[in-house]
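Residue strings, one per chain:
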Amino acid sequence: MLLAKRVMQLKPSATLAINTLAQELKASGREILSLSVGEPDFDTPRHIGDAAIKAIQTGFTKYTAVPGMPELRAAASGYFNSQGAKSAPDNIIISNGGKQCLYNLFQSLLNPGDEALIPAPYWVSYPPMVELAGAVPVPVPAGVEKQFKISPEDLERKRTAKTRLCIINSPSNPTGTVYTQKEIDRLAEWAVDSNVVIVSDEIYCALVYPPAQPAGFCSWWARHPENFVIVNGVSKSYAMTGWRVGYTLAHDALIKACNKLQGQSSSNICSIAQKAALEAITGSSDSVAAMRESFMRRRNLAMDIIATWPGVNCLCPDGAFYLFPDMHKLYNSSMPDSTALCKVLLDKAGVALVPGIEFGDDNCVRISYAAADATLQKALQKIGQCLLGR
Ligand SMILES: Cc1ncc(COP(=O)(O)O)c(C=O)c1O
């Protein structure tokens, strides 16, 4: 079958691939402990599910406007304004998850040959999405020695006449790193001075652990709406990955472009999911606080175990639900990289992790602590036994 080059060149999602392999081993009867998933293990809070049930029962099951129902656009705008933006509902489009928000943005902002700066380690989907727009992903390395953070100077070194945008993801997948507001302000100043658009992926912003403070680009958007775009959504904050709701805050011209694209591809997102998202954003946030507390407890539990592993350098992250330990000192001739290490762990310890190479850093592996305490503890003990004999 003859397929388009575009799709032939596309890499399948690595996190999904390792999950599939783990599922296959599980199906063959082996106990596999998975610390590879990128979603909260909690159920969607009850009051949010109830709003969706009510939507079905009251017949809210027809097409809505392409960029989302007005109340949800207003609620998302209100959320961004609570973070310092001065937006109107027309500055918002509701899409199928943060993923479609980002896809629409890159298609709307990037011409073939344009360059997009992507701090590495990065979320696996950024480079292929940039490539699908015909543009060139330019990784900007920031390893563990730099606390996984890039500076304006790092970005400036990689900037060319073709640089159109830069993606910032704080809290980060895969590192959990959280930029301070001061660091964000410096990046924002650089973006304004260099006329580069910052696409800020703030999907994990509800998962920041004290004493760290959430920080973002909303107040910069209020002053320079042509230089900043902010993506958020309900997946990670409200344990709603399956509902597929994301929202973009952008200049109205860019929202109109995304709307045109979405109108000719997916149209509006599911009407029922929109009602659920409205309840999530405007209803009680008690469950968000409870989930945040659980994640913080698990982070501490995992860090305590990993701290006993000699040769492994693991920063204590301030957000999201990932650890990204540098394990390269454990590599040897039969286990020379992060992919080989993850294969050994899956085969010998029955634990699924994601190789760091998929995120642009082959020294590390990604551990997700979105798993029950007992699973997390058992999996980490098995890793310690397998790699270090302890
Ligand atoms: C950094 C980052 N951005 C965006 C997304 C997209 O999330 P969703 O499409 O579920 O909103 C993910 C999901 O894993 C992510 O890790």
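Residues numbered from 1 in each chain as written. Predicted model: local features only at pLDDT ≥ 70, side-chain atom pairs only at ≥ 80, totals over all residues. Heavy atoms only, no water.

Brief notes about the domain arrangement of the protein
We note that the domain assignment places domain 1 (5-43 + 286-388) and domain 2 (47-282) within the protein. Averaged C-alpha coordinates put domain 1 and domain 2 at centres separated by 25 Å. Summed over the three residues of domain 1 that lose the most area to domain 2, namely Leu315, Asp318 and Phe359, the buried surface amounts to 21% of that side. Scanning the region where domain 1 abuts domain 2 turns up zero salt bridges. Where domain 1 packs against domain 2, one counts eleven residue pairs in polar contact (both at pLDDT 80 or more). Residue assignment for the side of domain 1 that touches domain 2 shows that the elements contributing at least two residues are helix 12 (286-306) and strand 9 (322-323). Looking at the side of domain 1 that touches domain 2 element by element, the count peaks at seven residues for helix 12. Among the residues forming the side of domain 1 that touches domain 2, the class breakdown is 17 nonpolar, six polar and ten charged. (Domains from an automatic or database assignment. Buried area = accessible area lost by both parts, 1.4 Å probe. Salt bridge = Lys/Arg side-chain N within 4 Å of Asp/Glu carboxyl O. Polar contact = N/O pair within 3.5 Å; in protein donor to acceptor, adjacent residues only side chain to side chain. Helix = DSSP H or I, 4+ residues; strand = E, 2+ residues; numbered from the N terminus. Nonpolar A, V, L, I, M, F, W, Y, C, P; charged D, E, K, R; others polar.)

Notes on the site of the ligand
Among the 13 residues in the neighbourhood of the ligand, the closest are listed as Gly98, Asp201, Ser235, Lys236 and Arg244. Gly98 is positioned with one of its backbone polar atoms (N or O) 2.6 Å from an oxygen atom of the ligand. Coverage of the ligand by the protein chains reaches 93% of its 390 Å² of free accessible surface. Looking at the shell around the ligand element by element, the count peaks at three residues for helix 5 (residues 97-109). A per-class count over the shell around the ligand returns four nonpolar, five polar and four charged. (Near = heavy atom within 4 Å. Areas by Shrake-Rupley, 256 points an atom, 1.4 Å probe, with all protein chains shown as cover.)

Looking at empty space enclosed by the protein
Over the atoms, a rolling probe the size of a water molecule traces out where space has been left empty. On inspection of all chains with the given rule, the structure shows one cavity of 30 Å³ or more. Here the largest cavity is characterised by a volume of approximately 130 Å³. Every residue lining the largest cavity is counted, 14 residues in all, and those nearest its centre are Pro119, Pro121, Asn169, Ser172 and Tyr179. Those elements giving two or more residues to the lining of the largest cavity turn out to be strand 3 (115-120) and strand 5 (163-169). When residues in the lining of the largest cavity are grouped by element, the largest group, three residues, is from strand 5. A class-by-class count of the residues in the lining of the largest cavity yields nine nonpolar, five polar and no charged. (1 Å grid on protein atoms, 1.4 Å probe; cavity = no way out; pocket = protein on both sides within 12 Å on 5 of 7 lines; lining within 4 Å. Points joined across faces, edges and corners; volume = space filled by probe spheres on them.)

Description of the pairing of strand 3
The element strand 3 is largely enclosed, with a buried count of six among its six residues. Of the two faces of strand 3, the one carrying Glu115, Leu117 and Pro119 and the one carrying Ala116, Ile118 and Ala120 are both buried. Relative to strand 4 (residues 136-141), strand 3 is paired through six bridges, and the arrangement is parallel. Of the residues in strand 4, the one forming a bridge with Glu115 is Val136. Relative to strand 5, strand 3 is paired through three bridges, and the arrangement is parallel. Residue Glu115 lies in a different strand from strand 5, and its bridge partner there is Thr163. (Buried < 20%, exposed > 50% of the residue type's maximum accessible area, 1.4 Å probe, protein only. Pairing = 2+ DSSP bridges.)

What about the side chain of Ser194?
If you trace the backbone, Ser194 turns up in helix 8 (residues 181-194). With near-sequence residues (within four places) excluded, Ser194 lies in contact with Glu156 and Arg159. (Contact = heavy atoms within 4.5 Å.)

Topic: the packing of helix 4 (residues 70-82) against helix 11 (residues 271-282)
For any two helices packed against each other, the geometry is given by the interaxial angle and the distance between the axes. For the pair helix 4 and helix 11, the least separation of the axes is 10 Å and the interaxial angle reads 30 degrees. Relative to helix 11, the element helix 4 is oriented roughly parallel. As helix 4 packs across helix 11, the resulting crossing turns out to be left-handed. The segment helix 4 lies against helix 11, with Glu71, Leu72, Ala75, Ala76 and Tyr79 engaging Gln274, Lys275, Ala277, Leu278, Ile281 and Thr282. (Axes fitted to C-alpha atoms, helices over the stretch in contact; angles between N-to-C directions. Parallel < 35°, antiparallel > 145°, perpendicular 65-115°, else oblique. Left-handed = near helix turned anticlockwise from the far one by under 90°.)

As for the pattern of salt bridges
In this structure the tally under the stated criterion is twelve salt bridges. Of the charged contacts, one joins Asp373 and Arg297 as a salt bridge, the two residues approaching to 2.9 Å between their closest N and O atoms. Remark: Arg297 occurs in helix 12 and Asp373 occurs in helix 14 (residues 373-388); sequence separation between them is 76 residues. Classification of Asp373 by relative accessible area gives partly exposed; the value is 22%. The network of salt bridges with common partners includes Asp41, Arg297, Arg298 and Asp373.

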